Each structure stands twice: as structure tokens, then as C-alpha cells.
Amino acid sequence: TRLPWSAYGNASGRHRMTPRRTKYGNRKVVVDDISESTLHGRVAKYLDAVIRPPMVWTSIDAGAGKMRPRTARQRKNRGVKKGWPDILILAPGPNLLGIELKDSDGKQKPEQIEVERAFHGCNAWYVLARSIEEVERAVAFVLKPERNAA
């Protein structure tokens, strides 16, 4: 399901569009140059609109940016691990999709690359997304009916 851009947040075009190359060739993709936090909010609104039971999704707040040493210790003691994707979607199949959100210039940290490899090693899906369109394509791909046929 595709919603109008206004459903994802600011559709006024205030944000600069940045072309970038994909790792799948030389074609250029235009990416909305917004902060990762803004992208995260727009993706959350999109997922709330399209994810229906029995599917479920959650966002993992492992702490963006610097945090106080006490907070970091508390999270570590509770088992919060570095590198997990920002969003997890569980769908019938079973299908698990991890989505790591980055702004137009963001790069994965070594811990994130390690978790991506673990996802692939467990036959789970993992996507590095920089736009709503990339999230839409990932969700549509994982949920194709032929993938869920028994």
C-alpha cells in the first residue's frame, strides 16, 4: 500500500534531494536529504499504516548519538547489543526483516555489518534504507505471496 507523501511527514519539498549511486550498478537514485531521525519517524508512520496482523514490527532504540556513561552501562547490563537494525518486522513464512536506516551520507558501523552478516547467515532479510521508497520495496519483496506459500 502506498500512501501520499503527506502521510510520511513534510511533503513541501523543503529537503534537498541528493543523487547517489547504488551498489547494484551505475544508475542514480534520488534520496531525500533528511536526518536519520526524520526518516525514522516517516518510516514508523508508514509501517503503522501498512503492517497488519499477524505481522508485527518494532523499532529498536539502542541510543542515538552520545549517552551518559550510566545510561550506556544500564543498557549494556540489560543486554542491549550494538549493531542491531533500527526496525524489525516479523511476518508469516517465517520472515524476519531488519531495516537499518541511514541518512544520505550515513555508513554502517562495523557492528552493524556484523549483524547484517548474521541475519543473512540465518536466512533472514536485512536492508540498508535511505528513503521511504527503499523501505516500501523491501517490505513488498519480503511479503510477496509466493515467498509465503507453504
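For the structure, see preceding data.
Residues numbered from 1 in each chain as written. Predicted model: local features only at pLDDT ≥ 70, side-chain atom pairs only at ≥ 80, totals over all residues. Heavy atoms only, no water.

1. A word on unusual backbone geometry
Residue Pro54 follows Pro53 across a cis peptide bond; omega there is 10°. Structurally, the position occupied by Pro54 is in the loop between helix H1 (36-50) and strand E3 (56-59). Residue Asn123 is not a glycine yet carries a positive backbone phi of 60°. The topology assignment puts Asn123 in the loop between helix H3 (110-121) and strand E6 (125-129). A relative accessible area of 71% places Asn123 in the exposed class. (Helix = DSSP H or I, 4+ residues; strand = E, 2+ residues; numbered from the N terminus. Buried < 20%, exposed > 50% of the residue type's maximum accessible area, 1.4 Å probe, protein only.)

2. Looking at H3
Compared with an ideal rise of 1.5 Å per residue, which puts 12 residues at 16 Å, H3 spans 17 Å between its outermost C-alpha atoms and is within 8% of the ideal. Among the residues of H3, those classed as buried are Gln112, Val115, Glu116 and Phe119. Considered in projection along H3, the buried side chains sweep an arc of 105° and stay on one side of the axis. The outward face of H3, more than 90 degrees from its buried face, is lined by the exposed residues Pro110, Glu114, Arg117 and Gly121. Buried positions along H3 lie against strand E4 (87-91), strand E5 (95-101) and E6. Within two residues after H3, Asn123 carries a phi angle of roughly 60°, on the positive side. (Expected span 1.5 Å × (residues − 1). Arc of directions from axis to C-beta. Contact = heavy atoms within 4.5 Å.)

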